[in-house]
Amino acid sequence: MIGEYQNKIRCLTQQRDYARTHQKIVEIPVEKPVLYEKCESCDRTAYQNAKAKYGTQKERLAGQYKAKTVMFQTTLFLLAWYSLTTTLFQAVQSNVFLSDCKSFFHDAASFLQTFIGWTIDAGQSVAQISTKIPNPFIAGMVYWLFLILVVGICVAGTGILAILIEIKVIELYKKNCWDVITLLMILTSTAVIIYFGEAIKKALSVNLLLLFVLSQGVYLGIRCYLKNRLGTKQYW
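Treat the numbers as computed from the prediction; the structure is a model and nothing was measured.

Visitor: Explanation requested: the overall build of the protein chain in the structure shown.
Guide: Assigned secondary structure in the protein chain consists of seven helices and zero strands. Within the protein chain, the proportion of its 236 residues that are buried is 16%. Per element, the accessible surface of the protein chain, about 19,900 Å² overall, is 68% carbon and sulfur.

Following this line, the structure appears as structure tokens:
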């Protein structure tokens with residue numbers, strides 16, 4: 001009996017292996033349900049009435065949404081214009097803010113003048129190589145050539161760097177801060193600096209316009225950090 005069962009098991013194993021190695025693909029038709037289409041002669045009055053009612057309601061809601069959107073944008077523009085004009089009028093009347101603006105631009109002009117003086121000194125130092133040339137005419141040409149070359153490279157490089165930084169800041173603003181929150185922040189910080197300029201000057205010995213620029217830089221950094229932080233958390 002044991003031998004007989006072993007033979008049966010061996011036969012079944014062979015049949016299984018044969019079935020695995022000799023499979024055949026057979027196509028079997030399968031019925032697939034499709035949407036029912038009514039004939040043209042059937043009564044479609046209820047469907048057409050429902051479709052017309054839906055189209056009318058959709059157009060009416062779309063018109064209401066557009067009207068409310070225009071109203072919201074107009075109200076927001078008027079509020080921003082009112083806040084901006086009142087803030088600017090107050091800034092014109094604020095002696096502290098005006099004096100800080102004048103000192104800020106004066107310091108900026110002094111820095112540019114000093115920078116240009118440094119570049120001219122550097123160009124003159126490099127152009128001293130021309131003193132080793134015995135021919136006075138060639139030495140003069142080499143002197144002015146080196147001077148113009150060094151000053152031009154320094155000024156052009158600094159200008160290109162400033163433009164690239166400005167473009168990068170604008171791109172960051174458009175990418176991370178181009179919304180109503182930024183507009184409110186700018187108007188609020190400007191109003192605080194203008195209206196409370198004297199109190200700020202008593203507490204902190206800092207230029208008000210420079211303080212405004214620094215506050216915008218801090219705000220931009222915080223917005224970029226929060227956006228990148230929240231963007232990376234979505235993939236945790």
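Right, picking up where we left off after that structure.
Visitor: Help me out: how do you make sense of the nonpolar core in this one?
Guide: One broad trend across soluble globular proteins is that nonpolar side chains are buried collectively. The biggest cluster of nonpolar side chains holds nine residues, and these are A91, F97, C101, I193, I194, I200, L208, L209 and F212. For this core, the secondary-structure elements that each account for two or more residues are helix 3 (95-127), helix 5 (180-195) and helix 7 (208-233). Take this core: its biggest share by element is three residues, from helix 7. Apart from the residues within four sequence positions on either side, F97 is in contact with A91, I193, I194 and L208. Y173, Y219, L220 and C224 belong to the second largest nonpolar core, which has five residues in total.

Visitor: When you look at the packing of aromatic side chains in this model, what are you seeing that I'm missing?
Guide: Here a ring pair, both rings aromatic, is described through the centre-centre distance and the interplanar angle of the planes. Tallied over the entire structure, the rule returns two aromatic pairs. Taking the centre distance of 5.6 Å and the plane angle of 85° together, the rings of F104 and F105 count as edge-to-face. Ring geometry for Y143 and W144: centres 5.7 Å apart, planes at 85°, overall edge-to-face. Exposure remark for W144: the relative accessible area of 52% places this residue in the exposed category.

Visitor: Looking at this structure, I do not really get the confidence of the model for the protein chain. What am I missing?
Guide: The predicted structure's coordinates, where accompanied by low pLDDT, should not be read in detail. On average, the protein chain scores 80 in pLDDT, and the residues at 70 or more come to 87%. The least confident element of the protein chain, judged by mean pLDDT, is helix 1 (residues 2-21) at 77; the most confident is helix 3 at 87. Long-range and interchain partners of residues 232-236, a stretch whose pLDDT sits below 50, account for one contact in this model, where long-range means more than four residues apart.

Visitor: Before we go on, may I ask you to explain the pattern of salt bridges in this structure?
Guide: Side-chain pairing between opposite charges can occur once the charged atoms of the two side chains come close. The tally for this structure, following the rule as stated, stands at one salt bridge. We note a salt bridge from K201 to D100, for which the minimum N-O separation is 3.4 Å. Taken together, the positions of K201 in helix 6 (residues 197-203) and D100 in helix 3 put the pair 101 residues apart, joining distant regions of the chain. In this structure K201 comes out as partly exposed when scored by relative accessible area, which is 30%. Using a relative accessible area of 6% as the deciding quantity, one classes D100 as buried.

Visitor: Can you help me understand a nonpolar patch on the surface in this one?
Guide: A grouping of F77, L78, W81, L84, L88 and F89 is seen on the molecular surface, where their side chains present a nonpolar patch of about 690 Å² in accessible area. Structurally, the position occupied by F89 is in helix 2 (residues 45-93).

Visitor: Hey, could you run me through the side chain of S189 in this one?
Guide: Within the secondary structure layout, S189 lies in helix 5. Side-chain polar atoms of S189 contact the side chain of Q216, separated by 3.2 Å.

Visitor: Any chance you could explain helix 5 here in plain terms?
Guide: Since one α-helical turn is 3.6 residues long, residues separated by three or four positions face the same way. The end-to-end C-alpha distance of helix 5, which contains 16 residues, comes to 22 Å, matching closely the 22 Å that a straight helix rising 1.5 Å per residue would cover. Every buried residue of helix 5 is accounted for by T182, L187, S189, T190, A191, I193 and I194.

Rules used in this analysis
Residues numbered from 1 in each chain as written. Predicted model: local features only at pLDDT ≥ 70, side-chain atom pairs only at ≥ 80, totals over all residues. Heavy atoms only, no water. Helix = DSSP H or I, 4+ residues; strand = E, 2+ residues; numbered from the N terminus. Buried < 20%, exposed > 50% of the residue type's maximum accessible area, 1.4 Å probe, protein only. Areas by Shrake-Rupley, 256 points an atom, 1.4 Å probe, with all protein chains shown as cover. Core = buried A, V, L, I, M, F, W, Y, C linked by side-chain atoms within 4.5 Å. Contact = heavy atoms within 4.5 Å. Phe/Tyr/Trp six-rings, centres within 6.5 Å; stacked < 30°, edge-to-face > 60°. pLDDT = per-residue confidence, 0-100. Salt bridge = Lys/Arg side-chain N within 4 Å of Asp/Glu carboxyl O. Patch = residues over 30% accessible without salt bridge, like charges linked within 9 Å, V, L, I, M, F, W, Y side chains within 5 Å. Polar contact = N/O pair within 3.5 Å; in protein donor to acceptor, adjacent residues only side chain to side chain. Expected span 1.5 Å × (residues − 1).

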